[in-house]
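# Summary of the model geometry
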Amino acid sequence: AVDCEGIYSKTIDLFKEINAYPNPTNDFIQVKIPNGSFSNVQFKLYDLLGKLVFEEQVDPGKGKWQIEVRGLAKGIYVLKITADDQVAHHKIVKK
C-alpha cells in the first residue's frame with residue numbers, strides 16, 4: 001500500500017484554447033472559444049492606428065462566432081478578445 005499526502009493542483013488556461021481563423025482572410029474571421037468556458041465575451045477589432053473598427057458583445061454560450069471584415073481596407077488589424085477578466089490579442093491580416 002502507498003500512502004498519499006498533499007494536494008495536487010493544476011491550472012488549465014482555457015483562454016489558450018481561443019482560436020481566430022482563417023488568417024489571412026478576405027471576408028470573415030471565425031472565432032472559436034470552448035463552449036461554456038466564460039460568462040462574458042466581447043470582441044473589438046482595431047486598425048494599426050488604434051481606431052476601433054468593430055465591436056460586439058456576444059452570447060458566450062454559442063462557442064463560435066463570425067466577424068465580417070469584407071468592408072475593411074486591406075491591412076493588419078488587432079482583434080481584442082475579452083472573456084470575463086482575461087484579454088487576448090490576435091493579429092489579423094485582411095487581404
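Above this text is the structure in question.
Structural notes, computed from the coordinates. (Residues numbered from 1 in each chain as written. Predicted model: local features only at pLDDT ≥ 70, side-chain atom pairs only at ≥ 80, totals over all residues. Heavy atoms only, no water.)

### A closer look at the pattern of salt bridges
Should their charged atoms come close, side chains of opposite charge can pair. To keep it simple, the criterion reads: For this analysis, a salt bridge means a side-chain nitrogen from Lys or Arg found within 4 Å of a carboxyl oxygen belonging to Asp or Glu. Each helix corresponds to a stretch of at least 4 residues labelled H or I by DSSP, and each strand to a stretch of at least 2 residues labelled E; elements are numbered beginning at the N terminus. A simple rule labels every residue: compare its accessible area, found with a 1.4 Å probe on the protein chains alone, to the largest value its type can have, and call it buried under 20%, exposed over 50%, or partly exposed in between.
Across all of its chains, the model carries three salt bridges by this definition. Across the pair Asp-27 and Arg-70 runs a salt bridge whose closest N-O atoms are separated by 3.4 Å. Of the two residues, Asp-27 sits in the loop between strand E1 (19-21) and strand E2 (28-32) while Arg-70 sits in the loop between strand E5 (64-68) and strand E6 (75-83), which places them 43 residues apart along the sequence. Note on Asp-27: relative accessible area 32%, which makes it partly exposed. Salt-bridge contacts for Glu-55 lead to Lys-44; the nearest nitrogen and oxygen are separated by 3.7 Å. Taken as a pair, Glu-55 in strand E4 (residues 52-58) and Lys-44 in strand E3 (residues 41-47) lie far apart in primary sequence, eleven residues in all. Note on Glu-55: relative accessible area 44%, which makes it partly exposed. A relative accessible area of 19% places Lys-44 in the buried class.

### Topic: the sheet that holds E1
Formally: Strands pair, by our definition, only if DSSP identifies at least two bridges between them. For every element, the axis is a line fit to its C-alpha atoms; helices are fit only across the contacting stretch, and the angle between N-to-C directions ranges from 0 to 180 degrees.
The antiparallel open sheet is built from three strands, whose spatial order is E1-E2-E5. Unpaired on one side and paired on the other, E1 and E5 mark the two borders of the sheet. When strand polarity is set aside, the average angle formed by the axes of neighbouring strands in this sheet is 20°. Pairing analysis gives three bridges linking E1 to E2, with the strands arranged antiparallel. Looking across to E2, one finds that Tyr-21 is bridged to Gln-30.

Scope: geometric values only; no functional claims are made or implied.
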